[in-house]
Amino acid sequence: MAKRIVIINGPNLNLLGKREPEIYGHQTFDDFAMMLKKEFPEHTIEIFQSNVEGEIINLLHNQGFKADGIIINAGGYTHTSVAIADAIVAIPSPVVEVHISNIHSREPYRHNSLLAANCKGVIAGFGLNSYRLALIALINS
Ligand code: CA2
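Residues numbered from 1 in each chain as written. Predicted model: local features only at pLDDT ≥ 70, side-chain atom pairs only at ≥ 80, totals over all residues. Heavy atoms only, no water.

**Q** Let's hear about the side chain of H79: which residues, and what values?
**A** Mapped onto the secondary structure, H79 falls in the loop between β3 (69-73) and α4 (82-90). Here the side chain of H79 touches N112 through a polar contact of 2.9 Å, landing on its backbone oxygen. Those residues in contact with H79, other than ones at most four positions away along the chain, are I103, Y109, R110, N112 and L114. (Helix = DSSP H or I, 4+ residues; strand = E, 2+ residues; numbered from the N terminus. Polar contact = N/O pair within 3.5 Å; in protein donor to acceptor, adjacent residues only side chain to side chain. Contact = heavy atoms within 4.5 Å.)

Here is the structure:
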């Protein structure tokens with residue numbers, strides 16, 4: 001069955017491929033997204049990015065009642081945002097949390113996610129491939 005999957009990227013992820021390539025790689029998200037859409041042509045993949053916490057919550061509210069699945073990389077808000085965690089609980093669409101880096105092998109303040117317990121699953125540490133793995137998981141569930 002064809003699915004509609006929404007990707008939500010949080011703060012600073014608009015800089016992917018432009019800064020800190022040793023942690024986050026060289027590819028821009030736009031280039032990666034183009035590849036992903038070509039790889040999964042039968043599914044609709046919609047992509048949003050915001051640096052603003054309230055806008056991420058609005059996206060979850062707006063998409064979370066109609067998308068077949070949501071992939072979220074909330075960036076730094078992963079570790080701080082009770083409000084995004086609450087928004088994930090409030091919507092019926094399954095949400096998968098992703099991280100490019102392995103947050104558990106980084107600074108201690110990145111080890112805890114306030115969102116993870118409210119998500120269907122978490123994928124971290126596989127570079128941009130984390131998003132592909134999350135997409136496959138949502139397509140097959
Ligand atoms: O590994 C991930 O995907 C993170 O969600 C990325 C966040 C970080 O705060 C999380 O702990 C783990 C940071 C995103 C910053 O993205 C940049 C990308 C390129 C250049 C600079 C920042």
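Moving on from the coordinates now.
**Q** Run through the site of the ligand, naming residues and quoting values.
**A** Taken together, 17 residues are adjacent to the ligand, and N73, H79, I100, S101 and R110 come closest. With respect to the ligand, the backbone of G76 contributes an N or O atom lying 3.3 Å from an oxygen atom. S101 is positioned such that a nitrogen or oxygen atom in its side chain is 2.5 Å from an oxygen atom of the ligand. Coverage of the ligand by the protein chains reaches 94% of its 500 Å² of free accessible surface. Of the residues that constitute the shell around the ligand, the class distribution is 7 nonpolar, 7 polar and 3 charged. (Near = heavy atom within 4 Å. Areas by Shrake-Rupley, 256 points an atom, 1.4 Å probe, with all protein chains shown as cover. Nonpolar A, V, L, I, M, F, W, Y, C, P; charged D, E, K, R; others polar.)

**Q** Requested: an account of α4, with residues and values cited.
**A** Buried within α4 we find I84, A85, A87 and I88. The buried residues of α4 occupy an angular sector of 160 degrees when the element is viewed end-on, so they sit on one face. Residues of α4 that are exposed and point more than 90 degrees away from the buried face comprise V82 and V89. For α4, the secondary structure elements touched by its buried residues are α3 (53-63), β3 and β4 (95-99). (Buried < 20%, exposed > 50% of the residue type's maximum accessible area, 1.4 Å probe, protein only. Arc of directions from axis to C-beta.)

**Q** Any details on the sheet that holds strand β5 (residues 121-124)? Residues and values, ideally.
**A** If you trace the 5 strands from one edge of the open sheet to the other, you get β2-β1-β3-β4-β5, paired in parallel fashion. Because the sheet does not close on itself, it has two edges, and the strands there are β2 (44-49) and β5. In this sheet, neighbouring strand axes are inclined to one another by 20 degrees on average, regardless of whether the strands run parallel or antiparallel. Direction of pairing for strand β1 (residues 4-9) relative to β3: parallel, over a ladder of 5 bridges. Following the sheet pairing, I7 is matched in β3 by I71. Of the strands in this sheet, β1, β2, β3, β4 and β5 touch helix α5 (residues 129-139), which is tilted by about 160 degrees from β3. (Pairing = 2+ DSSP bridges. Axes fitted to C-alpha atoms, helices over the stretch in contact; angles between N-to-C directions.)

Geometric values such as these leave the question of function open.
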